[in-house]
Each structure stands twice: as C-alpha cells, then as structure tokens.
Amino acid sequence: SGDAGRGNGGTARIRGRCERGDEREQQSAEGLLRANNEAFSNGDVDAFGATIAEDGIYDGPGTHRKFEGRQDSVDAAAGWKSAFSDAEGTIESITSSGNTAVAEITWRGTHDGDMETPDGPIAPTGNQITVRACMIATAQDGEIIETHHYFDLLTLLTQIGAVKAPTETPATAS
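A brief structural summary. (Residues numbered from 1 in each chain as written. Predicted model: local features only at pLDDT ≥ 70, side-chain atom pairs only at ≥ 80, totals over all residues. Heavy atoms only, no water.)

## Quick look at helix H4 (residues 70–83)
- If you check H4, its first and last C-alpha atoms are 20 Å apart, about what 14 residues at 1.5 Å a residue would give, namely 20 Å.
- Listed as buried for H4 are Arg-70, Gln-71, Ser-73, Val-74, Ala-76, Ala-77, Lys-81 and Ala-83. (Helix = DSSP H or I, 4+ residues; strand = E, 2+ residues; numbered from the N terminus. Expected span 1.5 Å × (residues − 1). Buried < 20%, exposed > 50% of the residue type's maximum accessible area, 1.4 Å probe, protein only.)

Written as structure tokens, this is what we have:
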C-alpha cells in the first residue's frame, strides 16, 4: 500500500540521519516525546519514525499490544490514523527526569475509518472521541528506546458505540 511504501522509504532516510548523528543526539526525552506526539498529530510518518530507535519498544497495556522495532510502531500509528484520520494529541502536562519523560495527553479525533481489533474491524461511525492518556518515554542517543502508553480504551470504545457505557453503581459497604 501507499502508506507502507512511505514508511519504508522514511525508515531508510531516518536510519541514515541517525548513523551520521545530528542535533537529535542531545535532544531530551521531553523534546522527543513532544516531537513524537506532534508528528503523529500531523500524520507525518517520517518524522514520527525519526523519534523512535530502530529497536525501540512500544508497550500499550490497554490494547495488549507490544511492538519491538521502529517499523512496527510506525505501522501501528498509521493504523490509528487510518481509523481516526484527524486524531491529534494535546499534551496537557509533561515532566521529565533524566532520560525519561511522562506526559498526560488528551487524544481527540473522528472515527472515520476501520478500527482494526483482534476480533475484526470496527466500521467507521463518524463519532468524535476524547480520550485521556499517559505516555512514558525513555530516550537514549537522541531517540525513544521505550514507550509505555496507557489510555482509556473503554471510553474510546464507548464513544464510538462499540460497547455500551458501563452503568454506575453506588459504592456501598458489603
């Protein structure tokens, strides 16, 4: 597909830049996390991939998905952008310590494409989503080497109409 070709081409260019070394070598985890979020929000596959180490790890506990390698992370991001083409993340707060940055992010978008799931695709509904998340990124040598992304999948699935909203129950003593 066209996306796969761009992703592969971008990876080759990205790899070349990393081998030469550049200003990204000194870029902070916070700067890389911001750049990663901006690239995703803008749908810039090459810039998104450029923030991730060739052997970078992505762990998404909410979806039970774990990827090892830049291209798998780029492909996953492309899948999200396919399901929510206008998806963008707003960093509400961010902090860092050493080579690790933690951001609170609000994801917004329109469910306008198939959302792939282990049980098959969820057809587009046109529904808007607003989902809170936390992303933790660890950087080394100017690239993100590990990402943990925690987000409210139940809210996302409820907002697109894939599941019914959970009913609230009062907290009572047993």
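## Concerning the sheet that holds strand S1 (residues 52–60)
- The strand order across the open sheet built from six strands is S2-S1-S6-S5-S4-S3, with neighbouring strands paired in mixed fashion. Edge positions in the sheet fall to strand S2 (65–68) and strand S3 (88–97), since each has one partner strand and no second. Shown here is a sheet whose adjacent strand axes are inclined to one another by a mean of 20°, direction ignored.
- In the sheet, S3 pairs with strand S4 (residues 100–110) via nine bridges, with the strands oriented antiparallel. Bridge assignment links Glu-88 to a residue of S4, and that residue is Arg-108. (Pairing = 2+ DSSP bridges. Axes fitted to C-alpha atoms, helices over the stretch in contact; angles between N-to-C directions.)

## Let's talk about the environment of Glu-146
- The topology assignment puts Glu-146 in strand S6 (residues 143–151).
- By relative accessible area, which is 29% here, Glu-146 ends up partly exposed.
- Considered as a pair, Glu-146 and Phe-67 are 79 residues apart in the sequence and their alpha carbons are 9.9 Å apart.
- Apart from residues lying up to four places away in sequence, Glu-146 is in contact with Ile-57, Ile-136, Ala-137 and Thr-138.
- A polar contact is formed between the side chain of Glu-146 and the side chain of His-148, at a distance of 2.8 Å. (Contact = heavy atoms within 4.5 Å. Polar contact = N/O pair within 3.5 Å; in protein donor to acceptor, adjacent residues only side chain to side chain.)

## Side note on the nonpolar core
- Of all hydrophobic cores here, the largest spans 31 residues; its most connected members are Leu-33, Phe-48, Phe-84, Trp-107, Met-115, Leu-156 and Ile-160.
- Among the elements of the structure, helix H2 (29–42), H4, S3, S4, strand S5 (128–140), S6 and helix H5 (153–159) are those that each provide at least two residues to this core.
- Sort the elements by how many residues they give to this core and S5 lands first, with six residues.
- What Phe-84 contacts, discounting residues up to four positions off in sequence, is Gly-109, Thr-110, His-111, Asp-112, Met-115, Ile-129, Leu-156 and Ile-160. (Core = buried A, V, L, I, M, F, W, Y, C linked by side-chain atoms within 4.5 Å.)

## Notes on a negative patch on the surface
- A contiguous patch of negative charge, built from Asp-55, Glu-68, Asp-72 and Asp-75, is present on the exposed surface.
- Position of Glu-68 relative to the elements: it lies in strand S2. (Patch = residues over 30% accessible without salt bridge, like charges linked within 9 Å, V, L, I, M, F, W, Y side chains within 5 Å. Areas by Shrake-Rupley, 256 points an atom, 1.4 Å probe, with all protein chains shown as cover. Salt bridge = Lys/Arg side-chain N within 4 Å of Asp/Glu carboxyl O. Lys, Arg positive; Asp, Glu negative; His and termini not counted. Charge placed at Lys NZ, Arg CZ, Asp CG, Glu CD.)

## Quick look at empty space enclosed by the protein
- Considering all chains together, one arrives at one cavity of 30 Å³ or more under this definition.
- Broken down by element, the residue count for the lining of the largest cavity peaks at five residues, all from S6.
- A class-by-class count of the residues in the lining of the largest cavity yields 19 nonpolar, six polar and two charged. (1 Å grid on protein atoms, 1.4 Å probe; cavity = no way out; pocket = protein on both sides within 12 Å on 5 of 7 lines; lining within 4 Å. Points joined across faces, edges and corners; volume = space filled by probe spheres on them. Nonpolar A, V, L, I, M, F, W, Y, C, P; charged D, E, K, R; others polar.)

## Quick notes on the packing of aromatic side chains
- Counted under the stated rule, the structure contains five aromatic pairs.
- Measuring from ring centre to ring centre gives 5.4 Å for Phe-40 and Trp-107, while their planes differ by 80°; the resulting arrangement is edge-to-face. In this pair, Phe-40 is assigned in helix H2 and Trp-107 in strand S4, connecting sequence segments 67 residues apart.
- With relative accessibility at 11%, the residue Phe-40 sits in the buried group. (Phe/Tyr/Trp six-rings, centres within 6.5 Å; stacked < 30°, edge-to-face > 60°.)

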